[in-house]
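Examination of the molecular architecture
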Amino acid sequence: MTKVTTIMFKNNHKSYYFKAFEGLKVGDYVVVETVKGKEVGKVVVPLKEVDDSKIIGELKPVVRVANEEDLKAIKENEELAPSIIETVKEKVSIAGLEMKVLDVEYTLDRSKLIIYFTAEDRIDFRELVRILASIYKTRIELRQIGPRDASKIIGGIGICGKELCCKKFLGDIQNVTIKMAKNQNLSLNPNAISGLCGKLLCCISYEDDFYQRIRDLIPEIGDSITTEKGEAIVTQISILDETITVKYPDNSLDVIEIAELVEKN
């Protein structure tokens, strides 16, 4: 058994298991080892023991509870970010690189400066890395991200009039497919079902399990079914109204409750 806790990091809403020690409690800020280096995260799940067989890969450790010096360093790093972004953008422009700089992030001890960017094509940024390393005297990592992660950093207001889900609360961004939109009878107009990132709206996936369960229980449009009035063809499905519309050979229509149909089957 291994003692673990769950840590969440600022701005990305993702949480991860870390090897922990006694005394940690929910709400504590802690210094942890990550693939990026030392970072500060927040304990969001109490300490617990997990069977070693359920742990995939090597767990990184919680180094210590964050002290005032650590929290001060985080604040200073965040305050430096805007000026660093401007400098990086200037160097990118001078170098004529077709890339859009979105954000920068220092590790806690400033042993690495991570620069997030988007680009349509592959970028040769080796010279840029050398220039930035000479300016900031630390290791430079340029990390290209996709449209969804870019929106998560930039933020904005969605077509629903609310803050983008990816910016506000989403951790891992789920795969969204056109099949999900079809399941919900949504318009397949790209402008109606796409977010600011140009990809399918993340919220399409939220209720997909419900729609899929109902779809598995009812016939498809065009299927022939037997009702109390005889054979009919399904012409319309309205899962929100919990009804289906059927058409009889004499062209008359009837609306049947889904619950009634499911009960008979």
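From a predicted model like this one, the values you see are computed outputs, not experimental measurements.

Tallying each qualifying case throughout the model produces eleven salt bridges. Between Arg130 and Glu127 there is a salt bridge, with the nearest N and O atoms lying 2.7 Å from each other. Residue Arg130 and its partner Glu127 are located together in helix H2 (residues 126-136), separated by three residues, close to a single helical turn. Relative accessible area serves as the criterion here: at 51%, Arg130 is assigned to the exposed category. Judged by relative accessible area, which is 45%, Glu127 ranks as partly exposed. Arg143 is the salt-bridge partner of Glu141, the closest N and O atoms lying 2.5 Å from each other. Under the relative-accessibility criterion, Arg143 is labelled partly exposed at 28%.

This next bit is on the state of the cysteines. Disulfides are covalent bonds that connect the sulfur atoms of two cysteines. Counted under the stated rule, the structure contains zero disulfides. The thiol of Cys160 is unpaired, and the distance to the nearest cysteine sulfur, on Cys165, comes to 6.3 Å. The exposed category is assigned to Cys160, whose relative accessible area is 60%.

Criteria and thresholds
Residues numbered from 1 in each chain as written. Predicted model: local features only at pLDDT ≥ 70, side-chain atom pairs only at ≥ 80, totals over all residues. Heavy atoms only, no water. Salt bridge = Lys/Arg side-chain N within 4 Å of Asp/Glu carboxyl O. Helix = DSSP H or I, 4+ residues; strand = E, 2+ residues; numbered from the N terminus. Buried < 20%, exposed > 50% of the residue type's maximum accessible area, 1.4 Å probe, protein only. Disulfide = S-S within 2.5 Å.

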